[in-house]
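Observations on the three-dimensional arrangement
Below, each chain spelled out in residue letters.
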Amino acid sequence: MSANIHDHALQLIAQARVEGIPEADSTWLRAHLEECDSCSDHARHTDRALRALRTAAIPLPGGLASRTQFRVRLRAMELREREPAHRALWFAYAISWAFGIASAPYVWRLFAWFGERTGVPKLVWELGFGLWWTIPALFAAAVLLIESLRKSEPADWINQGS
């Protein structure tokens, strides 16, 4: 038999053990393994090696599971404590933007009126309106930046127990 057929059989043996193969390939492989002693031996050795790997004991440090559970619980508590603050923060952002959008026409008129009364050039009061509009966004960006910097620092629970 050609080496190409044996190579294909060896590939199918490995693939069948890891990810499975289509029924047509499985049928072909069974027929080939009945005829070819070399490939049949290889399939048996592969099965024995996989069984040995599955039954091999992996030594783990004592208490690893309990320490892992403890750390997971601490992290879950930390996330639960911070969750309401995040909801309130996003709610405050939404309310702020809604009021900002709703009041924008009135504030525009106020800036225009103030500009006319004081004789301030139109460009100046328009820039004032733009600043009025962007300052809350800059404040929100600053809060989010501070929050992300705080998150990037390692939490206290990570350093405990090391």
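Report follows, based on the coordinates. Being a predicted model, the structure only gives us computed values, none of them experimental. (Residues numbered from 1 in each chain as written. Predicted model: local features only at pLDDT ≥ 70, side-chain atom pairs only at ≥ 80, totals over all residues. Heavy atoms only, no water.)

**Description of the packing of helix α1 (residues 3-18) against helix α2 (residues 23-35)**
Condition: A fitted line through C-alpha atoms represents every axis, and for helices the fit uses only the stretch in contact; the resulting angles, taken between N-to-C directions, go from 0 to 180 degrees. Here a helix means four or more residues in a row that DSSP labels H or I, a strand means two or more in a row labelled E, and each is numbered from the N terminus. Relative orientations are named as follows: roughly parallel for angles under 35 degrees, roughly antiparallel for angles over 145 degrees, roughly perpendicular for angles from 65 to 115 degrees, and oblique for any other angle. Crossings are assigned a handedness: left-handed for a near helix turned anticlockwise from the far helix by less than a right angle, right-handed for a clockwise turn. It only takes one pair of heavy atoms within 4.5 Å for two residues to be counted as in contact.
Put simply, α1 and α2 touch, their axes get as near as 10 Å, and they point 120° apart. Between α1 and α2, the crossing angle belongs to the class labelled oblique. Of the two possible hands of crossing, α1 and α2 adopt the one that is left-handed. Across the interface between the two elements, Ile5, His6, His8, Ala9, Leu12 and Ile13 of α1 pack against Asp25, Trp28, Leu29, His32 and Leu33 of α2.

**Considering the packing of aromatic side chains**
Heads up, the rule is: Pairing of aromatic rings covers Phe, Tyr and the six-membered ring of Trp, with a centre-to-centre limit of 6.5 Å; geometry is then stacked below 30 degrees between planes, edge-to-face above 60, and tilted otherwise. To sort residues, take the accessible area from a 1.4 Å probe on protein chains only and compare it with the maximum for the residue type: under 20% means buried, over 50% means exposed, and anything in between is partly exposed.
According to the stated counting rule, one finds four aromatic pairs in the structure shown. Ring geometry for Trp108 and Phe129: centres 5.0 Å apart, planes at 90°, overall edge-to-face. Residue Trp108 is found in helix α4 (residues 64-118), and its partner Phe129 is found in helix α5 (residues 122-152); the two are separated by 21 residues along the sequence. Residue Phe129 is classed as buried on the basis of its relative accessible area of 14%. Centroid distance Phe111 to Phe129: 6.2 Å. Interplanar angle 80°. Geometry classified as edge-to-face. Of this pair, Phe111 sits in helix α4 while Phe129 sits in helix α5, placing them 18 residues apart in sequence. Ring-pair connections join several aromatic residues into one group, and the members of that group are Trp108, Phe111, Trp125, Phe129 and Trp132.

**A closer look at the nonpolar core**
Quick note on the threshold: Nonpolar cores were defined as sets of buried Ala, Val, Leu, Ile, Met, Phe, Trp, Tyr and Cys residues, with membership established by side-chain atoms within 4.5 Å.
With eight residues, the main nonpolar core is built from Ala9, Leu12, Ile13, Leu29, Leu33, Cys36, Cys39 and Ala43. Mapped onto this core, the elements with two or more residues apiece are α1, α2 and α3 (37-55). Counting residues per element, this core draws most heavily on α1, at three residues. In contact with Leu12, other than residues within four places in its own chain, are Ile21, Asp25, Trp28 and Leu29.

**Details of the pattern of salt bridges**
Operational definition: Throughout this description, the term salt bridge denotes a Lys or Arg side-chain nitrogen within 4 Å of a carboxyl oxygen of Asp or Glu.
If you walk through the whole model with that rule in mind, you get five salt bridges. With its nearest N and O atoms 2.6 Å apart, the salt bridge here joins Asp47 to Arg17. With Asp47 in helix α3 and Arg17 in helix α1, this residue pair connects regions lying 30 residues apart in the sequence. Note on Asp47: relative accessible area 27%, which makes it partly exposed. Classification of Arg17 by relative accessible area gives partly exposed; the value is 26%. Asp41 is the partner of Arg44 in a salt bridge, and the nearest nitrogen-oxygen pair spans 2.2 Å. Of this pair, Arg44 and Asp41 both sit in helix α3, separated by three residues, roughly a single helical turn.

Function cannot be inferred from these measures alone, as they are strictly geometric.
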